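Listed here are the chains, written in short residue letters.
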Amino acid sequence: MTRPEIRTAIIDILSDIAPDEDYAQLKDDVSFREQLSMDSMDMLDIVLELRKQFKLQIPEADYPNLVSMQSTLDYLEPLLADK
Amino acid sequence: MGEENIYDTVIIGAGMSGLAAGIRLAQYDKHVCILEKHTVPGGLNSFYRQKGRNFDVGLHAMTNYAPKGVRKGPLSRLLRHLRLSWDELGLIPQLGSAIAFPGVTLDFSNQFGLLESQIAEKFPSQIDRFRKMTASLVDYDQLGLGESGGSAKEFVRSFLTDPLLINMLFCPIFFYGGARESDMEFGQFCIMFRSIFLEGFARPYEGVRHILTKLLKKFKTLGGELRLHSSVKQIVSQSGQVSKLILEDGTEIRAKQFLSSAGWRETMRLCGLKEPEKEVAPGKLSFVETISVLDRDPKRLGHNKTILFFNDSESISYRKPDSLVDVRSGVICSPNNFDYAKPLGEGQIRITALANFDRWAELGEERYRLEKLRCYDALIGSAVRFIPDFRGNIIENDMFTPLTVTRYTGKDSGAIYGAADKKYDGLTPLNNLYVCGTDQGMVGIVGAIVSGITIANRYLLAK
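Rules and cut-offs
- Residues numbered from 1 in each chain as written.
- Chains lettered and ligands numbered in written order.
- Predicted model: local features only at pLDDT ≥ 70, side-chain atom pairs only at ≥ 80, totals over all residues.
- Heavy atoms only, no water.
- Domains from an automatic or database assignment.
- Contact = heavy atoms within 4.5 Å.
- Buried area = accessible area lost by both parts, 1.4 Å probe.
- Salt bridge = Lys/Arg side-chain N within 4 Å of Asp/Glu carboxyl O.
- Polar contact = N/O pair within 3.5 Å; in protein donor to acceptor, adjacent residues only side chain to side chain.
- Helix = DSSP H or I, 4+ residues; strand = E, 2+ residues; numbered from the N terminus.
- pLDDT = per-residue confidence, 0-100.
- Buried < 20%, exposed > 50% of the residue type's maximum accessible area, 1.4 Å probe, protein only.

Undergrad: Quick one: what's the story with the domain arrangement of chain B, residue by residue and with numbers?
TA: Residue and element names in this part refer to chain B. Partitioning chain B into domains gives domain 1 (7-86 + 206-281 + 420-460) and domain 2 (91-204 + 283-409). Computed from C-alpha atoms alone, the centre-to-centre distance between domain 1 and domain 2 is 25 Å. Counting residues at the interface gives 42 residues for domain 1 and 45 residues for domain 2. Sorting the residues of domain 1 by area buried against domain 2 places His60, Tyr65 and Tyr424 first, and these three jointly supply 23% of that buried surface. The partner of Arg53 in a salt bridge is Glu346, with the nearest N and O atoms 2.6 Å apart. There are 17 residue pairs in polar contact (both at pLDDT 80 or more) connecting domain 1 and domain 2. Contributing elements (two or more residues each) for the side of domain 1 that touches domain 2: β3 (47-50), β4 (53-56), α2 (74-82), α9 (208-221) and α15 (444-461).

The structure is reproduced here in structure tokens:
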């Protein structure tokens, strides 16, 4: 997957978790926590969705990589390059 | 035994917590089955139909109301985790509620400022203290597991000095979630205070069945299986692990993991674990509720409160009464008094009061019926000291007692808020069996749903 494709997939996951938000305005360099009021339980959902959709096992130690869109893409891009 | 009786997770009880846990698991492709002993889902928050009318059980109002767009708080959390949009719940806010004690009434609504101004007016020496107290409990973590300990009474008394105000504030909190006599665990108090006073009440137009229908549809769409009229007879375990469930009809069901919302004692009994069962004393607090259908909307009789908590003396006795019913104090709820776009039609007034399970249980069948009638009259007679007398407008009535609660929900002693001591971590002596729901520590519809989500996330999904 390309970086833009991954971004679209992440937006899909986010809009599934929090459907009432406006993702057109999402800033890639600001944390999900700050922009979308996401907490650790929401982060768990992102991890579970990635596992479900891309068969990707993300170790707990790597969760901090999922803090913002930019950091998430940086982290996922090499992992999803072949998918 | 066929393949059809093997699951990833089996959940006992299709109440709010079991359904919420089921949705979470089904969302992540777990093969999940919910077993419900009753013929309708809902557990403590259910519904029935009688003589052509729909009645709710349990739900007076959903607490924890938040308007659309609010991202914080338990309601927005549960919407996110269950992938529901705010609109789907169809919540209509309350018109306004009150706490009525002799000579003083405190109005409150979903705007916290109303309660503050009422306290400022009626208890001027207390308002600054009240604000400080509110500020200190507002950040208590609602979703964390684990007991914070301590007495809510002591906490409140460290701020407020007027015993009447203290008793008035405790009145709704006790009635809407008190599993313990005369006091409450501090963390539970914070959750209740917030859910009632800071957030507030709402109700879907169609009542609790609307919420249950949404949850059920979600669960089934995700591939979850619900079996009604499936009562668990035994939880069979081997070397510290549950191996299968046996139903009353003899069916055997296997799964990797099990989650029970039946209650702690009730679950341990199914396991045949006598010592763990005894760790937790049965809940003492049960209730009766009268339901009166009126020939008109209660507002036309001059009653426009959504929920009115009444108490006929300055001190409040939130204890198991010695008599069948304690009519001195109670909760008057009118499902008509929410801010609907169109009125509900027939009027309804429900009145809830503390009751003694053992007294009801020792009555013979005929006495039981007579006492129900007598207590219905006594409770309504007590309530009309606080609201307009509606007795001439009743066209239909019903009543439930602590025995009704036990019959339909399987909860020991009709204790709707469960045992006084909670199992906050949801763990049991068996390593693939967990508990959620009332005895895990959260009460109310939102609390129960959050309980199911939390336990599912923590133990059943993370693995």
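Undergrad: Explain the confidence of the model for chain B to me, and be specific about the residues and the numbers.
TA: When pLDDT is averaged across chain B, the result is 94; 97% of the residues are at 70 or more. In the predicted assembly, ipTM is 0.77 and pTM is 0.93.

Undergrad: Could you give an account of the environment of B:Phe400, naming the residues involved and the relevant values?
TA: Residues and elements named next belong to chain B. With respect to the element layout, Phe400 can be found in strand β17 (residues 394-400). Residue classification places Phe400 among the buried positions, given a relative accessible area of 14%. Once you skip the residues sitting within four places of it in the chain, Phe400 turns out to touch Val57, Phe287, Val288, Glu289 and Val405.

Undergrad: How would you sum up α2(B)? Please name residues and give values.
TA: Residues and elements named next belong to chain B. Of all nine residues making up α2, nine are buried, and the element is well covered by its neighbours. Listed as buried for α2 are Pro74, Leu75, Ser76, Arg77, Leu78, Leu79, Arg80, His81 and Leu82. Positive phi appears at Arg83, one or two residues downstream of α2, with a value of about 55°.

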